[in-house]
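Observations on the three-dimensional arrangement
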Amino acid sequence: MNDSGAARVSAGAISARIDRLPATRTIWTIVALLGFGMFFELYDLLFSAYVAPSLVKSGVLTAATAGLFGTTGVASFIAALFTGLFIGTILCGFLADRFGRRAIFTWSLLWYSAANIMVALQSDAADLNFWRLVSGVGLGVEMVTIGAYLSELAPKAIRGRAFAVNQAIGFICVPVVSFLAYMLVPTAPLGLEGWRWVVLIGALAAPVVVYLRLELPESPRWLAKRGRLEEADRVLSGIEAKVEAEYGRPLPPPGPEEPVSPASRFLDLWIPGIRGRVILMSVFNIFQTIGFYGFNNWVPSLLVKQGITVSTSLGYTTVIALAAPLGPLLGFFLGDRLERKWIIVASAAAILVCGLIFGQTRDSALIIAMGVALTLAANIMSFSFHAYQQELFPTGIRARAAGFVYSWSRLSVIFSSFIIAFILNASGAFGVFVFIAAAMGIVMATIGIFGPRTTNLPLEEISR
């Protein structure tokens, strides 16, 4: 590339060109393809709750957790997954910044698909937990990669809606895995226990990867940040040509070239301006996950503790799970109209109130109504904060920073799983929801008081 070309094509110019793109079929196709990756990721992340009663019934796990940190109960199974997620996000989040969004998206998905085949073959708690930990590493890497990938490919005017659509497609997995568990867990098709079928079906992600990789471009922002300006220009020019053909008229001119942060190393997480956001989102992630996974990972067990049979509890959770994709779809209409920090605060408040009601009712209609409300609130909060925390950090350290702050949520679940198991045995479902309510109060205060605004602002401007 000659000097004039190098002057014309810069990381800031690439960002400005992306942000002015209209939302045509090409842009939404990229969002949808990443959503299919999210589907398999969330399927593998959330099947724990639905297979746990069957793992206990088959004798692989025990019904109660021995002591606070027992290794044979349901809590250890959940903790093993989140230990892997912690390793994947805090130690391996840099991989997407180093090797690219597209490559790591693909290989991490293959990693956890293969590991879950091994999960389905285990018959004792130790081996089950080991392979669940291995799958968690891949899931952790995938989680931060999809967030960085999507935030960089989506123009700023639709970034919130892009995350909403991405997670709506992903959360379709919740009614799917719930229905599969309802149909398969009480049975043993072909002589294989139902829970093993539920796990194996998630491994269907592997053949889908080949198609996803062919259709997804590398992030031009990442390419430009790595100094691969000619390649970034070529990839983005291809996207622009498709968008312009679909748009039916010339594309709007790019805005002013956006300033690009030089941050690219782990030490750059601790420079002024970025350090405060790292601390803010680390505290947030420690407590938000108690509300999200405290319900999603434990809902069948919470219902059983309230005197409801295993089969009936799976029926209730199947109905509740139908609401999972609706939260992000509601967010499609809210995501770029309302400030994301206030959506997070309102969602946490809804989890607090609905959880306390859910924890002390025995009425089936109210259980389902509050379960649906909890699911909607949790999933609206989920898509909002995933967009929010990606926006807070510059391109050069986006995956690394998001992985670091998100890793604290994984660590939180490791310990909160044992705490919830202890509280559930000692104080019942209502005690669990008091614990969740306290965590949601901290979330509301943290983001409401200290969180910066981000909605509809350019990525590079927010991250300065």
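Residues numbered from 1 in each chain as written. Predicted model: local features only at pLDDT ≥ 70, side-chain atom pairs only at ≥ 80, totals over all residues. Heavy atoms only, no water.

**Concerning the confidence of the model for the chain**
Keep in mind that low pLDDT regions are not for reading the predicted coordinates in detail. Definition in use: How sure the predictor is of each residue is captured by pLDDT, a score from 0 to 100. By definition, any uninterrupted DSSP run of H or I lasting at least four residues is a helix, any uninterrupted run of E lasting at least two residues is a strand, and each is numbered from the N terminus. Throughout, a contact is declared for two residues whenever any of their heavy atoms are within 4.5 Å.
Chain-level pLDDT for the chain is 85 on average; 91% of the residues reach the 70-or-more range. The least confident element of the chain, judged by mean pLDDT, is helix α1 (residues 3-8) at 42; the most confident is helix α13 (residues 229-247) at 96. Considering only residues more than four positions removed or in separate chains, one finds that residues 1-7, a stretch of pLDDT under 50, has three contacts.

**Regarding empty space enclosed by the protein**
One water molecule sets the probe size; rolling that probe over the atoms shows where empty space is left. Let me state the cut-off plainly: Note on definitions: the grid is 1 Å and covers protein atoms alone; a cavity is a set of points where a 1.4 Å probe fits but cannot get out; a pocket is an open set with protein on both sides within 12 Å along at least five of seven lines; lining residues have an atom within 4 Å of a point. Grid points are joined across faces, edges and corners, and a volume is the space filled by probe spheres set on the points. In the scheme used here, Gly and all other residues not listed as nonpolar or charged are polar, with Ala, Val, Leu, Ile, Met, Phe, Trp, Tyr, Cys and Pro taken as nonpolar and Asp, Glu, Lys and Arg as charged.
Considering all chains together, one arrives at seven cavities of 30 Å³ or more under this definition. Looking at the largest cavity, its volume works out to about 110 Å³. Lining the largest cavity are 15 residues, with Leu42, Tyr293, Ser382, His386 and Tyr406 positioned closest to its centre. The biggest single contributor to the lining of the largest cavity is helix α3 (residues 25-57), with four residues. Here the lining of the largest cavity is built from residues that sort into nine nonpolar, four polar and two charged. In this structure, the second largest cavity occupies an estimated 60 Å³ of space.

**Let's talk about the packing of helix α4 (residues 74-90) against helix α7 (residues 125-153)**
Selection rule: For helices, the axis comes from a line fit to the C-alpha atoms of the stretch in contact; other axes are also lines fit to C-alpha atoms, and the angle between any two N-to-C directions lies between 0 and 180 degrees. Just so you know how the angles are binned, under 35 degrees is roughly parallel, over 145 roughly antiparallel, 65 to 115 roughly perpendicular, and the rest oblique. The handedness criterion is simple: a crossing whose near helix is rotated anticlockwise from the far helix by less than a right angle is left-handed, and one whose near helix is rotated clockwise is right-handed.
Close contact between α4 and α7 brings their axes to 6 Å; oriented N to C, the two are set at 40 degrees. Classed by the angle they form, the pair α4 and α7 counts as oblique. Relative to α7, the crossing made by α4 is right-handed. On the side of α4, the interface is formed by Ser76, Phe77, Ala80, Leu81, Thr83, Gly84, Leu85, Ile87, Gly88 and Thr89, while α7 contributes Leu128, Asn129, Arg132, Leu133, Ser135, Gly136, Val137, Leu139, Gly140, Val141, Met143 and Val144. When the residues that make up the contact of α4 with α7 are grouped by side-chain class, the tally is twelve nonpolar, nine polar and one charged.

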